[in-house]
Amino acid sequence: MSFSAGDLSAALGECRASLVGGRLQAIHHPRPDLLIFELYQRQVSHLLLSVHPKFSRLHVTGRRFRNPQTPSGFCMYLRARLLGGIVTDLRQHDEDRITMFDVDAPNARQPGRYVLVAELMGPRSNVLLLDAAGVIRQSLQHAHRKERLQLVGSRYDPPARNRP
């Protein structure tokens, strides 16, 4: 069963209060298709972000995952820019299966304002980190598709929506 735009809207509605205003304390990448973000705002919350081809989704979880001894390059990249940052906004793009997390991270190792984009689109799912100008700084998946080229250093262009 795929994660629909309606499912994403409902999930964001449920977890927005525990995420917006939260400080990013930890980022884990236990599996190639799974990221866990630990945030603190009055209490600790864990956001699960899955880009699994059949089970892409996001939600707050209490489940613990075993992490690899050495973090992935993508995880280390996110940590350098987002740890200690505050999630200032969380929104669904164009009523589609795309979530955007605005993060203000002035005290990170690489300080700045960033947008973490989660495209939860089944086999085409991806997570990208944009700078404040909307330029792609890094992405989890580097696959090039003829219909859409997303390169580090290029401006982010959301995928076209299939509208009836």
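Residues numbered from 1 in each chain as written. Predicted model: local features only at pLDDT ≥ 70, side-chain atom pairs only at ≥ 80, totals over all residues. Heavy atoms only, no water.

A. Structural view of the pairing of strand E5 (residues 86-92). Where E5 meets strand E6 (residues 98-105), six bridges bridge the pair, whose relative direction is antiparallel. Bridge pairing in E6 links Val 87 to Val 103. (Pairing = 2+ DSSP bridges. Helix = DSSP H or I, 4+ residues; strand = E, 2+ residues; numbered from the N terminus.)

B. Inspection of the environment of Met 100 at higher detail. Considering the arrangement of structural elements, one finds Met 100 in strand E6. For Met 100, a relative accessible area of 9% translates into the label buried. Taking the C-alpha atoms as reference points, Met 100 and Leu 90, separated by ten residues in sequence, lie 5.7 Å from one another. (Buried < 20%, exposed > 50% of the residue type's maximum accessible area, 1.4 Å probe, protein only.)

C. Molecular detail of helix H2 (residues 73-82). Burial within H2 is extensive, with seven of its ten residues counted as buried. Along its buried surface, H2 packs onto strand E1 (23-31), strand E2 (34-41), E6, strand E7 (112-119), strand E8 (126-131) and strand E9 (136-139). A positive backbone phi angle near 90° is found at Gly 84, which sits one or two residues after H2. (Contact = heavy atoms within 4.5 Å.)

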